[in-house]
Amino acid sequence: MAHAMMLFVLGLLPGTVESLSLAAADWPPPRRAETLTKHRPLGDFVRAFDRRDTGVLRIRHAGGELDSRFAEQLRDALVALGVPAARIH
């Protein structure tokens, strides 16, 4: 089975972008929002995003049903952790 790879893209300020890749292996089943808080790069990334009033978080993936499902689970988990859904694309 291929591992889904997510790419987060965060616009912090005009003209600057921060990104983070997350492999499916970094967030093994059962996929719970609380588990993501233990992933240090992601936690740091979300905290940096939270400090900004502007910007959006984009979840990008290779495509396919499994990757789409992983992206949806990731989006739901981020919302559960307090990231406003309107700022996730």
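Predicted model only: the values in this text are computed from it and were never measured.

How each quantity is defined
- Residues numbered from 1 in each chain as written.
- Predicted model: local features only at pLDDT ≥ 70, side-chain atom pairs only at ≥ 80, totals over all residues.
- Heavy atoms only, no water.
- Helix = DSSP H or I, 4+ residues; strand = E, 2+ residues; numbered from the N terminus.
- Buried < 20%, exposed > 50% of the residue type's maximum accessible area, 1.4 Å probe, protein only.
- Contact = heavy atoms within 4.5 Å.
- Lys, Arg positive; Asp, Glu negative; His and termini not counted.
- Salt bridge = Lys/Arg side-chain N within 4 Å of Asp/Glu carboxyl O.

To continue, consider the overall build of the protein chain. Along the backbone of the protein chain there are three helices and three strands. Reading the secondary structure of the protein chain in the N-to-C direction produces β-β-α-α-β-α. Scored against the burial criterion, the 89 residues of the protein chain give a buried share of 35%. The long-range fraction of contacts in the protein chain, counting pairs at least 24 apart against all pairs at least 6 apart in sequence, stands at 58%.

Now for the side chain of Arg-87. Here Arg-87 shows up in the segment after helix H3 (65-80). No salt bridge forms around the buried Arg-87; measuring N to O, its nearest opposite-charge neighbour Asp-50 is 5.6 Å away. Not counting chain neighbours up to four residues away, the residues in contact with Arg-87 comprise Phe-49, Arg-52, Asp-53, Thr-54, Gly-55, Val-56 and Leu-57.

The next point concerns unusual backbone geometry. Cis peptide bonds are those with omega within 30 degrees of zero, and the linkage from Pro-29 to Pro-30 qualifies with -5°. Of note, Pro-30 is situated in the loop between strand S2 (17-23) and helix H1 (33-37).

A word on the pattern of salt bridges. Here the structure, examined in full by the defined rule, presents four salt bridges. The shortest N-O distance in the salt bridge between Asp-44 and Arg-40 comes to 3.4 Å. Of this pair, Asp-44 and Arg-40 both sit in helix H2 (residues 40-50), four residues apart, which is roughly one turn of the helix. By relative accessible area, which is 31% here, Asp-44 ends up partly exposed. Overall, the relative accessible area of 61% leaves Arg-40 in the exposed class.

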